Amino acid sequence: MADDLFTPTIAPAAYETRRPPWRPQSLIFPAVFGGPTAVTVLALLNGRRLGVSRPAQLAVLGAGLAGLLARLTMTLAIVDDGAGRPVRLVGALAGALVWLVAAATQKRPFRSYELRGGQPASLWLPGLGAVLVLGFTEALLVFLVAVA
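Residues numbered from 1 in each chain as written. Predicted model: local features only at pLDDT ≥ 70, side-chain atom pairs only at ≥ 80, totals over all residues. Heavy atoms only, no water.

So, on to a nonpolar patch on the surface. Together, Leu 128, Leu 132, Val 133 and Phe 136 make up an exposed nonpolar region whose accessible area comes to about 410 Å². As for its position among the elements, Leu 132 is in helix α5 (residues 124-147). (Patch = residues over 30% accessible without salt bridge, like charges linked within 9 Å, V, L, I, M, F, W, Y side chains within 5 Å. Areas by Shrake-Rupley, 256 points an atom, 1.4 Å probe, with all protein chains shown as cover. Salt bridge = Lys/Arg side-chain N within 4 Å of Asp/Glu carboxyl O. Helix = DSSP H or I, 4+ residues; strand = E, 2+ residues; numbered from the N terminus.)

Right under this line is the structure:
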């Protein structure tokens, strides 16, 4: 007699068709070096790979937009003040705050992925690309806003 009681409920088939996700903890490096834009894009891609809910994805997007707006506002305040404080530190802090939201929304789905036997993908190339492309784009935007 075949009984469904003894069939496993956590099956690896749930993630077979998707690309493997990155560790949410590893997103801190692009967050610090690339700023809020880099970590937002990577966290949205990672959330899609993990199958995170739409409200969680919108929370990451909202945190990313708020982080970018906060970075621009703080940069304008620092530049207008004339103080020699590091503007880059503001970008790193804004990125780290966005990372906190991304890590909070992706920790449980990633843990579930690991319990199913999944191996995380390497973040080296995507992280480096996000830091170089999106980080420099964000720095250019901050520069243009500070000059204007």
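There's more to say after this.
Looking now at the pattern of salt bridges. Applying the stated criterion across every chain, the model contains 3 salt bridges. Where Glu 114 meets Arg 111, a salt bridge forms, and the shortest distance between an N and an O atom there is 3.9 Å. Residue Glu 114 and its partner Arg 111 are both found in helix α4 (residues 87-115); the two are separated by 3 residues, about one turn of the helix. The class for Glu 114 is partly exposed, based on a relative accessible area of 27%. (Buried < 20%, exposed > 50% of the residue type's maximum accessible area, 1.4 Å probe, protein only.)

Looking at the secondary structure, you find Val 39 in helix α2 (residues 36-50). Along the backbone, Val 39 and Val 98 are 59 residues apart, and their C-alpha atoms lie at a distance of 7.1 Å. Residues contacting Val 39, with those up to four places away along its chain left out, are Leu 27, Ala 31, Gly 95, Val 98 and Trp 99. (Contact = heavy atoms within 4.5 Å.)

On to the layout of surface pockets. Looking at the largest pocket, its volume works out to about 280 Å³. Phe 29, Pro 30, Leu 123, Trp 124 and Gly 127 are, among the 13 residues lining the largest pocket, the residues nearest its centre. At the level of secondary structure, the elements contributing two or more residues to the lining of the largest pocket comprise α1 (28-34) and α5. No other element matches the 4 residues that α5 contributes to the lining of the largest pocket. Looking at the lining of the largest pocket residue by residue, the classes come out as 9 nonpolar, 3 polar and 1 charged. Put simply, the second largest pocket is a space of about 170 Å³. In terms of lining, the second largest pocket is formed by Leu 44, Gly 47, Arg 48, Gly 51, Val 52, Ser 53, Arg 54, Gln 57, Leu 58 and Leu 61. The greatest single-element share of the lining of the second largest pocket, amounting to 4 residues, is contributed by helix α3 (residues 54-81). Of the residues in the lining of the second largest pocket, the class split is 4 nonpolar, 4 polar and 2 charged. (1 Å grid on protein atoms, 1.4 Å probe; cavity = no way out; pocket = protein on both sides within 12 Å on 5 of 7 lines; lining within 4 Å. Points joined across faces, edges and corners; volume = space filled by probe spheres on them. Nonpolar A, V, L, I, M, F, W, Y, C, P; charged D, E, K, R; others polar.)

The subject of this paragraph is the packing of aromatic side chains. Per the counting criterion, the structure on display carries 1 aromatic pair. Considering the side-chain rings of Phe 110 and Tyr 113, the 6.1 Å spacing of their centres and the 35° angle between planes classify their relative orientation as tilted. Here Phe 110 and its partner Tyr 113 are both found in helix α4, 3 residues apart, which amounts to about one turn of the helix. For the pair shown, Phe 110 and Tyr 113 are each scored as buried. Lying over the aromatic face of Trp 22, Arg 49 brings its terminal NZ or CZ to 4.2 Å of the ring centre. (Phe/Tyr/Trp six-rings, centres within 6.5 Å; stacked < 30°, edge-to-face > 60°. Lys NZ or Arg CZ within 6 Å of the ring centre and 35° of its normal.)

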